[in-house]
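Each chain is listed here by its residues.
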Amino acid sequence: MDLFFQQLLNGLTLGSLYALIAVGYTVVYGIVQLINFAHGEVFMIGAFGALATWTMLFKGTTAIWVLPFMIVGAIAVSVTVAVVMERVAYRPLRNAPRLAPLITAIGISVFLQEAIRLFYPGAKSAMPFPQIEFVTGAAMEWGPLTVRRSALFTIGALIMCTAALWFFINRTKLGRGMLAVSQDKDTARLMGINVDRIVAVAFALGATLAGIAGVAQGLQNNNIDFFMGFLAGLKAFTAAVLGGIGNIMGAVVGGLVLGIVEAMAVQFIPGTFGGSPWKDVWAFALLIIVLVFRPQGILGAKTVDRA
Amino acid sequence: MSMLEVKDLRVAYGKIEAVKGISFTVGQGEVVCLIGTNGAGKTTTLRTISGLIRPSSGEIWFEGKRIDAVPAHEIVMLGLAHSPEGRRIFPRLTVEENLLLGAFARNDHGAIKDDLQAAYELFPILGERSKQPAGTFSGGEQQMLAMGRAMMSRPKLLMLDEPSMGLSPIMMQLIMSTVKTLRSQGTTILLVEQNARAALKLADKGYVLEVGHIVLDGTGDELLVSDEVRKAYLGED
Ligand SMILES: Nc1ncnc2c1ncn2[C@@H]1O[C@H](COP(=O)(O)OP(=O)(O)OP(=O)(O)O)[C@@H](O)[C@H]1O
Ligand SMILES: [Mg+2]
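Small disclaimer: the values here were computed from a predicted structure and weren't measured.

Asks: Sorry, what's going on with the overall build of chain A here?
Replies: Helices and strands together make up the secondary structure of chain A, namely 12 helices and four strands. Against the 2.2 N^0.38 benchmark of 19 Å for 307 residues, chain A shows a C-alpha radius of gyration of 19 Å, consistent with a compact globule. Counting only C-alpha atoms, chain A reaches 60 × 50 × 35 Å along its principal axes. The buried share of chain A, reckoned over its 307 residues, is 55%. Residue pairs at least 24 apart in sequence account for 76% of intrachain contacts in chain A once pairs closer than 6 positions are excluded. About 12,900 Å² of surface is accessible on chain A, with carbon and sulfur atoms providing 72% of the total. Mean positive and mean negative side-chain charge positions of chain A (20 and 13 charges, respectively) differ by 8 Å.

This is the structure we're talking about:
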């Protein structure tokens, strides 16, 4: 039983990371019906933004007060990359056949990975991520549970981001504009809503959470690399589909479900098919099962929705 | 000077021209009615005026400013609101949220609150059900919401595309009397209607559109008694 709760905690941690990234896929899809497969790279580049901020301004410091600056650095880089990507690569293709933006996304992914690999000093191999004592220090023992500080950071980040997101969507004018654009673009324009601006906001919103996820991943793994966005992005996309692509709270639920399923599969599936080598298989098996029996996802809805 | 002036407007969908060089004007304080059969180009004309489609040639002037290249979301801010064909309310948003979206381009929060109250006075049912998702409303109620929403931008000119479509005679009367009320409160109105009789009765001026051309124009009363209109649109002979 202890083992179960330990894995539940591990699953929630992993799931929180997926969820933070998944929101970006779902928000953008809800607004422009586009799967931004380069979103994993926005997450990766956020981690490098945090590392760069630390290296340039705080090198050698491990105190907690540098963490907010690293988060701001991560978000700044992620948001800039995402907004430029939308403006330069996706906007000209808004009325193109669906395959065009998809191929573009792959191109952007490769471009961003290679840009980091070639031009970020030392990034040809994995780079150590700064250790911030308060969030990477010794794990805590809560009764039978071992609780890593970085896990609490990740779960806490998800809780705060979800609350902020809920408030933004439901209680602000810009959020209401986003809901309107996701439901009916032409009529939204008749309301005086600048659709291009809302699309940029959607990319920026997703990138903000991805940037925070980049920091969380760095803190958990102790190192980051230019390829980290690939699998994380694929998993997060899976989470978004699981929850119902387009549904923001669905992305959160989908991320958590996926994380927990992975953690449980690693621990409790016996024999050849158990253990961590198979966890990705189970994650994608879950996706297939949900797509067969509930194609609209766990929470459903095809548009940005508050549900 | 007219409030709205459309000059030799042409609009095409790909190779197919839907509006083939029409000109008309709407004066300050008037109710102007555009009638015509299915596919005549009425909706296309309104969508072009509000900036959702671009004309292939011609000019559109609103209050002395040329607007045929201005983005749609900026045209609303100039005081030109468009209540589209088929109502197009936001079904998963509440009545209140729909109305507030009508005021998206405005920043005068106090006045927006007042206008919300005014919309609820104009259509009490909206006030009673302000927290309900608009998608649960009947066609007539959705039409009221669409009109209320358009009024939330405080338009000088309100364009209504077939507000009576699919409504019961009673509901239609309510919509038409609301048009009168709005006019008496100082809003200029460009009304597109299939229901020619009701529309022409309250119009100062009317234009008859046929496959992209204006074939007839006159005062509301002139058109009501003209032979062509009676035959083609009023079902009389
Ligand atoms: N999006 C579109 N793409 C191609 N053709 C279109 C499009 N919208 C309208 N048309 C064509 O343009 C012409 C004018 O259509 P429009 O909708 O303006 O007519 P209307 O007068 O509003 O008709 P109704 O009374 O049925 O609403 C029609 O022949 C229609 O088929
Ligand atoms: Mg029409």
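Asks: Sorry if this is basic, but what is going on with the site of ligand 1 here?
Replies: All names here are of chain B. Neighbouring residues of ligand 1: 13 residues in total, closest Lys42, Thr43, Thr44, Glu85 and Gln194. Measuring from an oxygen atom of ligand 1, one finds a backbone N or O atom of glycine 41 at 2.9 Å. At 2.5 Å, a side-chain N or O of threonine 44 approaches an oxygen atom of ligand 1. Burial of ligand 1 by the surrounding chains reaches 60%, relative to a free accessible area of 630 Å². If you tally residues by element for the shell around ligand 1, the top one is helix α1 (residues 42–49), at three residues. Of the residues in the shell around ligand 1, the class split is three nonpolar, seven polar and three charged.

Asks: Is there a simple way to explain the pairing of strand β8 (residues 188–193) of chain B in this structure?
Replies: Look at any regular strand and the pattern is simple: side chains alternate between the two faces of the sheet. All names here are of chain B. Along β8, six of the six residues are buried, which leaves the element largely enclosed by surrounding structure. Of the two faces of β8, the one holding Thr188, Leu190 and Val192 and the one holding Ile189, Leu191 and Glu193 are both buried throughout. In terms of strand pairing, strand β3 (residues 31–36) meets β8 through five bridges, oriented parallel. When the sheet's bridge partners are listed, cysteine 33 is paired in β8 with leucine 191. The pairing of strand β7 (residues 157–161) with β8 spans five bridges and is classified as parallel.

Asks: So what exactly am I meant to see when it comes to the nonpolar core here?
Replies: In a soluble, globular protein the nonpolar side chains are often hidden away together inside. In this structure, A:Met178, B:Leu4, B:Ile49 and B:Leu190 are the most contacted members of the largest nonpolar core, which totals 132 residues. Residue contributions to this core peak at 16 residues, all from helix α9 (residues 195–221) of chain A. Among residues more than four places away in sequence, those in contact with B:Ile49 are B:Leu4, B:Val6, B:Phe24, B:Ile60, B:Ile67, B:Ile75, B:Leu80, B:Met159 and B:Leu190. In terms of nonpolar packing, the next biggest core, distinct from the first, is built from 48 residues, B:Ala119, B:Tyr120, B:Ile175 and B:Ala198 among them.

What counts, and where the lines are drawn
Residues numbered from 1 in each chain as written. Chains lettered and ligands numbered in written order. Predicted model: local features only at pLDDT ≥ 70, side-chain atom pairs only at ≥ 80, totals over all residues. Heavy atoms only, no water. Helix = DSSP H or I, 4+ residues; strand = E, 2+ residues; numbered from the N terminus. Rg over C-alpha atoms; globule rule 2.2 N^0.38 Å. Buried < 20%, exposed > 50% of the residue type's maximum accessible area, 1.4 Å probe, protein only. Contact = heavy atoms within 4.5 Å. Areas by Shrake-Rupley, 256 points an atom, 1.4 Å probe, with all protein chains shown as cover. Lys, Arg positive; Asp, Glu negative; His and termini not counted. Charge placed at Lys NZ, Arg CZ, Asp CG, Glu CD. Near = heavy atom within 4 Å. Polar contact = N/O pair within 3.5 Å; in protein donor to acceptor, adjacent residues only side chain to side chain. Nonpolar A, V, L, I, M, F, W, Y, C, P; charged D, E, K, R; others polar. Pairing = 2+ DSSP bridges. Core = buried A, V, L, I, M, F, W, Y, C linked by side-chain atoms within 4.5 Å.

None of the figures reported here should be taken as evidence of function without further support.
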